[in-house]
Amino acid sequence: MQKLNIGLFGFGVVGEGIYKVLEEKPELNASIKKIVIKDKDKFRNAPSELFSTNANDILNDEEINVVVELISDSDAAYTIIKKAFNNKKHVVSANKKLIAENHLELLQLQKENDVSFLYEASVCGSVPIIRNLEEYFDNDLLNYVSGIVNGTTNYILTKMANENDTYQDALKAAQENGFAEADPTADVEGFDAAHKLTIITLHAFGRKIESNDVIRKGITSLKTKDFEYAKEKGFTIKLIANSRIINENGELISTVLPTFVKLDKTIALVNNEYNGVLIGSSLSDEQFLYGKGAGRFPTSSAVLSDISALQYDYQYSIRKKSDKNIIVNKSGKVKVYLGSETEVSGIKDFFEDIEERYQSNSYNHIIGTISIVHLKNQKLLNDERLSLIVFE
Ligand SMILES: NC(=O)C1=CN([C@@H]2O[C@H](COP(=O)(O)OP(=O)(O)OC[C@H]3O[C@@H](n4cnc5c(N)ncnc54)[C@H](OP(=O)(O)O)[C@@H]3O)[C@@H](O)[C@H]2O)C=CC1
Ligand SMILES: N[C@@H](CC=O)C(=O)O
């Protein structure tokens, strides 16, 4: 077993977690030689000689053969990872934004430099989704991957639906628990889930889509009345990320949208910071992966698993990667609920047909069918007056 000398970038929620975990796992033959952070004056729960603010203390150290990148700045992480590859170091990362934005380039660089780039922690925290899609589902025909991939929003939605918490209180608690991104806009507006969905889509279907291709709406415009409607009708509201193949030409429908989920469905039972992903395939029908999607030790467990996989030179091969023309979000339609406190002019025009209209002094809603082409209209997605919720 080769000795892994680790250079760790970041000593925040996850970085400090993996430091602690590795201290308790001497049998792994992996130890942290240097930790690079940003703020040299912060108190650290580790010996001060380990710390530096100079990235080159890791990147130019020839004894360090593994870089574990756990920082909150994706631009800085991009520079660090590229240099690490050039210097023939393996990289483990949890940085979904960075990966989603540079996925194919980074995979190519790992290949050219004959090193490994592993990032299980970047999607669904502790849940081993990437390696399962990559290895186990290699031969089975996948139809969809769908579920809850962001712990912060699921925590907030659970607290709002089940404990009548306010959005602000629930978000604050998610931040205090270390679930949220440094800028929680990434969580609550659905960007984080969209980044994760692009990573999932490449490993599931071999197709690289951009986060901007995903039809995305977060949870910030949901109102108490929407939760009341959901309860009355036997639903709960979840932020669901979904990529599915709909046509023989391989067209993908990829969305991150607030979704009414029937209370008796598996996904409805995924609460708090837990994530849960349904994998639909021709042979095995539907399977479910479930576990903690955020937080110090759950995320560290996935980072640890990647470090451990380096011991046997594991690499993602992306065998399913297809260079065919990729078509995303062009066909089909969905059943949508649009709620608003005041009448919003022109929204009826988005619907192909309307099934239900409700109007009162304090709240209105319309339920009907909207084509995918109209659903991606930014006017509809970005209007904060509108609660947009799809039916699964
Ligand atoms: N928290 C979670 O549950 C999960 C997080 N992730 C991902 O893991 C990564 C780390 O997240 P998390 O630990 O929560 O973040 P934190 O905000 O808790 O910690 C971020 C760390 O990054 C360091 N840092 C920021 N910029 C730089 C830089 N330019 N150079 C060196 N160090 C830098 C900070 O330094 P300093 O301490 O000096 O401020 C800090 O130690 C992110 O990519 C996140 O998306 C993935 C899955 C789950
Ligand atoms: N902020 C993210 C952290 C894990 O990826 C989340 O809440 O899921």
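Residues numbered from 1 in each chain as written. Chains lettered and ligands numbered in written order. Predicted model: local features only at pLDDT ≥ 70, side-chain atom pairs only at ≥ 80, totals over all residues. Heavy atoms only, no water.

The protein chain has the name Homoserine dehydrogenase in an unreviewed UniProt entry, where Faecalibacter macacae is given as its organism. Looking at the protein chain in UniProt, the text filed under Catalytic activity (unreviewed entry) is "L-homoserine + NADP(+) = L-aspartate 4-semialdehyde + NADPH + H(+)". As stated in UniProt under Sequence similarities (unreviewed entry), the record for the protein chain gives "Belongs to the homoserine dehydrogenase family." (UniProt positions renumbered as here; feature names shortened; annotations may be inferred.)

**A look at the environment of G234**
Structurally, G234 can be placed in the loop between α10 (224-232) and β9 (235-245). Judged by relative accessible area, which is 22%, G234 ranks as partly exposed. The sequence separation of G234 and V261 amounts to 27 residues, and the corresponding C-alpha distance is 8.5 Å. Sequence-distant contacts of G234, defined by excluding residues within four places in its chain, comprise V261, K262 and L263. (Helix = DSSP H or I, 4+ residues; strand = E, 2+ residues; numbered from the N terminus. Buried < 20%, exposed > 50% of the residue type's maximum accessible area, 1.4 Å probe, protein only. Contact = heavy atoms within 4.5 Å.)

**So, the layout of surface pockets**
Over the atoms a probe the size of a water molecule is rolled, and this reveals where empty space is left. Put simply, the second largest pocket is a space of about 480 Å³. Lining the second largest pocket are 22 residues; nearest its centre among them are S146, I240, N242, T259 and E392. Of all the secondary structure elements, the ones that give two or more residues to the lining of the second largest pocket are β7 (142-148), β9, β10 (252-262), β13 (333-340), α12 (372-375) and β16 (387-391). For the lining of the second largest pocket, the element with the most residues is β10, which contributes five residues. Among the residues forming the lining of the second largest pocket, the class breakdown is 12 nonpolar, five polar and five charged. (1 Å grid on protein atoms, 1.4 Å probe; cavity = no way out; pocket = protein on both sides within 12 Å on 5 of 7 lines; lining within 4 Å. Points joined across faces, edges and corners; volume = space filled by probe spheres on them. Nonpolar A, V, L, I, M, F, W, Y, C, P; charged D, E, K, R; others polar.)

**Brief notes about the site of ligand 2**
Inspection of the region around ligand 2 gives K96, N150, G151, T152, F179, A180, E181, D187, D192, K196, G293 and A294 as its neighbouring residues. The contact in question runs from an oxygen atom of ligand 2 to an N or O atom on the side chain of K96, over 2.6 Å. N150 has a polar side-chain atom sitting 3.5 Å from an oxygen atom of ligand 2. If ligand 2 stood free it would expose 250 Å²; the protein chains cover 93% of that surface. Counting residues per element, the ones that place at least two in the shell around ligand 2 are α6 (151-163) and α9 (191-205). (Near = heavy atom within 4 Å. Polar contact = N/O pair within 3.5 Å; in protein donor to acceptor, adjacent residues only side chain to side chain. Areas by Shrake-Rupley, 256 points an atom, 1.4 Å probe, with all protein chains shown as cover.)

**A short note on the site of ligand 1**
The environment of ligand 1 is made up of 25 residues, and the closest members are D39, K42, R44, E181 and G295. For ligand 1, an oxygen atom lies 3.1 Å from a polar atom in the backbone of I71. Taking E181, its side chain carries an N or O atom lying 2.7 Å from an oxygen atom of ligand 1. Relative to its unbound accessible surface of 910 Å², ligand 1 loses 87% to contact with the protein. When the residues that make up the shell around ligand 1 are grouped by side-chain class, the tally is 11 nonpolar, seven polar and seven charged. Counting residues domain by domain, the shell around ligand 1 receives three or more from each of domain 1 (4-118) and domain 2 (130-298 + 325-391). (Domains from an automatic or database assignment.)

**So, α9**
Here α9 is 15 residues long and its end C-alpha atoms lie 21 Å apart, about the 21 Å a rise of 1.5 Å per residue gives. Of all 15 residues in α9, 14 are buried, a share of seventy percent or more. (Expected span 1.5 Å × (residues − 1).)

**Some thoughts on the side chain of N65**
Position of N65 relative to the elements: it lies in the loop between α2 (56-59) and β4 (66-69). Separated by 2.9 Å, the side chain of N65 and the backbone oxygen of K3 make a polar contact. Once you skip the residues sitting within four places of it in the chain, N65 turns out to touch Q2, K3, L4, N5, K89 and H90.

**Brief notes about the domain arrangement of the protein chain**
Taken as a whole, the protein chain is organised into domain 1 (4-118) and domain 2 (130-298 + 325-391). A C-alpha centroid distance of 32 Å is found between domain 1 and domain 2. In this complex, domain 1 contributes 15 residues to the contact, which on the side of domain 2 involves 16 residues. In total, domain 1 and domain 2 occlude about 1,300 Å² of area from one another, counting both sides; carbon and sulfur atoms represent 67% of this. Inspection of the region where domain 1 meets domain 2 yields three salt bridges. E181 is the salt-bridge partner of K96, the closest N and O atoms lying 2.9 Å from each other. (Buried area = accessible area lost by both parts, 1.4 Å probe. Salt bridge = Lys/Arg side-chain N within 4 Å of Asp/Glu carboxyl O.)

**A look at the side chain of K223**
Position of K223 among the secondary structure elements: in the loop between β8 (215-216) and α10. Although K223 lies buried, it forms no salt bridge, and the closest oppositely charged side chain, D226, sits 5.4 Å away as judged by the N-O distance. Excluding residues that lie within four positions of it along the chain, K223 makes contacts with E341, Y363, E384, R385 and S387. (Lys, Arg positive; Asp, Glu negative; His and termini not counted.)

**With respect to the packing of helix α1 (residues 13-23) against helix α11 (residues 296-310)**
Axis separation between α1 and α11 bottoms out at 8 Å; the angle between their running directions is 60 degrees. The angle between the axes of α1 and α11 places the two elements in the oblique class. Between α1 and α11 lies a crossing whose hand is right-handed. Here V13, V14, E16, G17, I18, K20, V21 and L22 of α1 come into contact with α11, specifically with R296, F297, T299, S300, V303, L304 and I307. Class assignment for the residues of the contact of α1 with α11 results in nine nonpolar, three polar and three charged. (Axes fitted to C-alpha atoms, helices over the stretch in contact; angles between N-to-C directions. Parallel < 35°, antiparallel > 145°, perpendicular 65-115°, else oblique. Left-handed = near helix turned anticlockwise from the far one by under 90°.)

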